[in-house]
Amino acid sequence: MQQFIEFITNHWMLSTALVVILVLLVQEEISRRRFGIPQLGPLAATQLMSHEDAIPVDVREDEEYRKGHIAHALHIPLGQLDQRLAELEKYRDRPLLLVCRSGSRSNRAGSLLRKAGFESIYNLAGGIMAWENANLPITRK
């Protein structure tokens, strides 16, 4: 125990960084469980789009979307989702794949959609960053 305390006092910045990272990880996990939206990795997401005709819904801001997005994704920024729910009504019987930069905003979007009565909602775990890291295509059109 004495060595542990000595390590913390000698490396307080490293110890603080560890605590912050752990808090952020726990917070993200709590958020995911609270919203209850299934998380799909990029490859599972492509299968959902291919086999179940899922609609990707990008909830990032305009500038982020212009930098690159999944082909044929609907673009509805999270801040406008409440006002634009009518645009999604025609897709109510199809799975919706929610996309943002890292997966956090799309989780919140999933919660809003769940409250609006949408049932088949999935979140792209890791967001567009995970999509790009899996070397999957993006478009800027």
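Look up a bit, the structure's there.
To keep things clear, this report deals only with the structure shown in the data block.

Rules and cut-offs
Residues numbered from 1 in each chain as written. Predicted model: local features only at pLDDT ≥ 70, side-chain atom pairs only at ≥ 80, totals over all residues. Heavy atoms only, no water. Pairing = 2+ DSSP bridges. Helix = DSSP H or I, 4+ residues; strand = E, 2+ residues; numbered from the N terminus. Contact = heavy atoms within 4.5 Å. Axes fitted to C-alpha atoms, helices over the stretch in contact; angles between N-to-C directions. Core = buried A, V, L, I, M, F, W, Y, C linked by side-chain atoms within 4.5 Å. Buried < 20%, exposed > 50% of the residue type's maximum accessible area, 1.4 Å probe, protein only. Polar contact = N/O pair within 3.5 Å; in protein donor to acceptor, adjacent residues only side chain to side chain.

## Regarding the sheet that holds strand 5 (residues 121–124)
Consideration 1: Ordered in space as 1-5-4-2-3, the five strands form an open sheet in which the pairing is parallel. Both outer strands of the open sheet, strand 1 (39–40) and strand 3 (74–75), are each paired with one neighbouring strand and no more.
Consideration 2: Of the pairings in the sheet, the one linking strand 1 to strand 5 comprises two bridges and is parallel in character. Each residue of the ladder has a partner; that of glutamine 39, found in strand 5, is asparagine 123.
Consideration 3: The strands that helix 5 (residues 104–115) touches are strand 1, strand 4 (96–99) and strand 5; relative to strand 4, the one it contacts most, it runs at about 140°.

## Overview of the nonpolar core
Where a protein is soluble and globular, its nonpolar side chains tend to be buried together.
Consideration 1: With 17 residues, the main nonpolar core has Val57, Leu81, Leu88, Leu96, Leu113 and Phe118 as its most contacted residues.
Consideration 2: Residue assignment for this core shows that the elements contributing at least two residues are strand 2 (55–58), strand 4 and helix 5.
Consideration 3: For leucine 96, the contacting residues outside a window of four places in its chain are Ile55, Val57, Tyr91, Leu113, Phe118, Ser120, Ile121 and Tyr122.
Consideration 4: Core analysis: the next-biggest nonpolar cluster, separate from the first, contains 13 residues, Met49, Ala54, Leu124 and Trp131 among them.

## Side note on the side chain of histidine 69
Consideration 1: Secondary-structure assignment places histidine 69 in the loop between helix 4 (62–66) and strand 3.
Consideration 2: Side-chain polar atoms of histidine 69 contact the backbone oxygen of tyrosine 65, separated by 3.1 Å.

## Structural notes on the environment of tyrosine 91
Consideration 1: With respect to the helices and strands, the residue tyrosine 91 is situated in the loop between strand 3 and strand 4.
Consideration 2: Distance from tyrosine 91 to isoleucine 76, taken between C-alpha atoms, is 14 Å for residues 15 residues apart in sequence.
Consideration 3: Setting aside chain neighbours within four positions, we find tyrosine 91 in contact with Ile55, Leu74 and Leu96.

## Side note on unusual backbone geometry
Consideration 1: Residue aspartate 53 is not a glycine yet carries a positive backbone phi of 55°.
Consideration 2: Its location among the elements puts aspartate 53 in the loop between helix 3 (42–52) and strand 2.
Consideration 3: On the basis of relative accessibility, which here comes to 42%, the residue aspartate 53 falls in the partly exposed class.
Consideration 4: The backbone of asparagine 135 sits at a positive phi, close to 60°, despite the residue not being glycine.
Consideration 5: Relative to the assigned elements, asparagine 135 resides in the segment after helix 6 (127–133).

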